[in-house]
Amino acid sequence: MTEIEEYRKKIDEIDQQLTQLFEQRMETVKKVGQYKKAKHLPIYNENREAEVISKNQAYLVDSAYQQGLALFFQQLMAISKRLQNKNSSTEQPLDLPFVPASSKKTKKNPKVGCYGAEGSFSEEAMLSYFGSVEQPHYFTKFEDVFSAIEQNDIDYGVVPIENSSTGAITKIYDLLTQYDFYIVGEQYIHVDQYLVGFQDTELANVAEVYSHPQGFEQSMLFLNQHPEWKWIPYRSTSESAKLVSELKDLTKVAISSKRAADRYNLTVLQEKVNDQHENSTRFIVLSKRLESSDVCSKVSVLFSIEHRVGTLHHLLHHFAENKLNLIKIESRPVANEPWHYLFYIDFEGNVNMPEVQQALQTIHQTSSFFKVIGTYQAAEKNKK
Ligand SMILES: O=C(O)C(=O)C[C@]1(C(=O)O)C=C[C@@H](O)C=C1
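What you see is a predicted model, and the numbers here were worked out from it, not measured in a lab.

### Remarks on the pattern of salt bridges
In a structure, side chains of opposite charge can pair up when their charged atoms sit close to one another.
Right, so step 1: Summed over all chains, the structure comprises 22 salt bridges.
Right, so step 2: In this structure, the salt-bridge partner of Lys 252 is Glu 208, at a minimum N-O distance of 2.7 Å. Note that Lys 252 is positioned in strand β10 (residues 252-256) and Glu 208 in strand β8 (residues 208-211), a separation of 44 residues in sequence.
Right, so step 3: Taking the relative accessible area as the measure of exposure, Lys 252 reaches 14% and is therefore buried.
Right, so step 4: A relative accessible area of 16% means that Glu 208 is categorised as buried.
Right, so step 5: A salt bridge links Lys 242 to Glu 246; its shortest N-O distance comes to 3.9 Å. In this pair, Lys 242 and Glu 246 are both assigned in helix α9 (residues 237-247), four residues apart and thus about one turn of the helix distant.
Right, so step 6: Under the relative-accessibility criterion, Lys 242 is labelled partly exposed at 34%.

Here's what the structure looks like:
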């Protein structure tokens, strides 16, 4: 027998013992599960799990294995919880207030609104998503879209949530926690920013440039070439174009879409001033109701966890365990609780898939706060 064969023989013997012990442990875990079911106790017991890990770490002779052993027991207990869950009928399926979704094309004259004015990127996203909209509503501030949904002035609201160059639009994430709404759709829009003004405006005479902070942020390289210009942040890029058009002052320009320039009779002074050529924004469609159908291929959840080492790792692990592809994670501070965070996760799947149900169930049990904030059809990313 070669040296490696001898080692492997030894490993095989150890594995056989481990397997026997694993089976014994699972049989016992099953009994604990039955006990918990009878006594209406929750499956997940955070303190007991911490105790199992620390107790066994203390048995180690070589402390270099501490972390590895902790991971080993975390995995083992994750298997236990799955087993207990499977054998327990007291576990309520996640109580999600779904309404069956009709196709977005067949919705009967919904009242729809978007952030920004006519000519805005949000309007473009709204029209791309819904096809056409009868009497669209326009809102100056992100929050206005949310309160219009709240007051039933509109059934659906379209807002930007993320830009490919500048990242998350954090205000929207915060509003998603403040309002109890759901994401029912998404739309990507290719974004090119334009410097717009009057036909007779000369760049050398410009004193002020108006835009939404996102417009400035996406066009930094261009703006840095004109350090003498004063940046005036305004409600949205489209409203900046509208304002410049109304002010009729050749020293004032705006950064906006070409559509907004056309809408407010302005001229393009400089094309595509955005830093990154591949610049696109992801918009979400919000509603008071959680809609779901077979075509939904993406799920968004919001949760918070205990402020302890390893909790996030432990929770994210449930996605991998259920072979679910995580698309995005975003964290936002919890209001009035310094250094505590809310996590937003988008992942691929449909809520009817058993592995999605399983992951949602476990995350629900493991997190201190949990909400499914949307199920929807993933949109095409490279929409120009
Ligand atoms: O001790 C329990 O309460 C169990 O259900 C067993 C077990 C384990 O596998 O050790 C499983 C899940 C709990 O979260 C804690 C521990």
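### Re the environment of Met 353
Right, so step 1: Among the structural elements, Met 353 can be located in the loop between β16 (341-348) and α12 (354-366).
Right, so step 2: Taking relative accessible area as the criterion, Met 353 reaches 27% and is therefore assigned partly exposed.

### Quick look at the side chain of Ser 367
Right, so step 1: Mapped onto the elements, Ser 367 comes out in the loop between α12 and β17 (369-376).
Right, so step 2: In this structure Ser 367 comes out as buried when scored by relative accessible area, which is 11%.
Right, so step 3: From its side chain, Ser 367 meets the backbone oxygen of Ile 363 in a polar contact 2.6 Å long.
Right, so step 4: Setting aside its immediate chain neighbours within four residues, Ser 367 contacts Phe 303, Ser 304, Ile 305 and Leu 315.

### Considerations on the sheet that holds strand β9 (residues 230-233)
Right, so step 1: Pairing is mixed in the open sheet, where five strands are placed in the order β9-β8-β10-β7-β11. Of all strands in the sheet, those with a lone pairing partner are β9 and β11 (267-270), marking the two edges. Looking at each pair of strands side by side, their axes are set apart by 35° on average, direction ignored.
Right, so step 2: Each of β7 (194-197), β8 and β10 touches α9; the most contacted strand, β10, lies at about 160° to it.

Criteria and cut-off values
The residue numbers shown here count from 1 along each chain, following its written sequence. This being a predicted model, a pLDDT of at least 70 is required before a residue's local features are given, and a value of 80 or more before pairs of side-chain atoms are given or counted; all residues contribute to the totals for chains, interfaces and linings. The side-chain quantities take in all heavy atoms of the structure and omit both hydrogens and water. The term salt bridge refers to a side-chain nitrogen of Lys or Arg lying within 4 Å of a carboxyl oxygen of Asp or Glu. Only runs of H or I of at least four residues qualify as helices and only runs of E of at least two qualify as strands under DSSP, and these elements are numbered from the N terminus. A simple rule labels every residue: compare its accessible area, found with a 1.4 Å probe on the protein chains alone, to the largest value its type can have, and call it buried under 20%, exposed over 50%, or partly exposed in between. The term polar contact refers here to a pair of N or O atoms within 3.5 Å; inside protein, the definition further demands a hydrogen-donor-capable atom paired with an acceptor-capable atom, and it admits residues adjacent in sequence only when both atoms are side-chain atoms. The criterion used for residue contact is that any of the two residues' heavy atoms lie within 4.5 Å. Being paired, for any two strands, means DSSP has found at least two bridges between them. Lines fitted to C-alpha atoms define the axes, with helix axes restricted to the stretch in contact, and inter-axis angles between N-to-C directions lie between 0 and 180 degrees.

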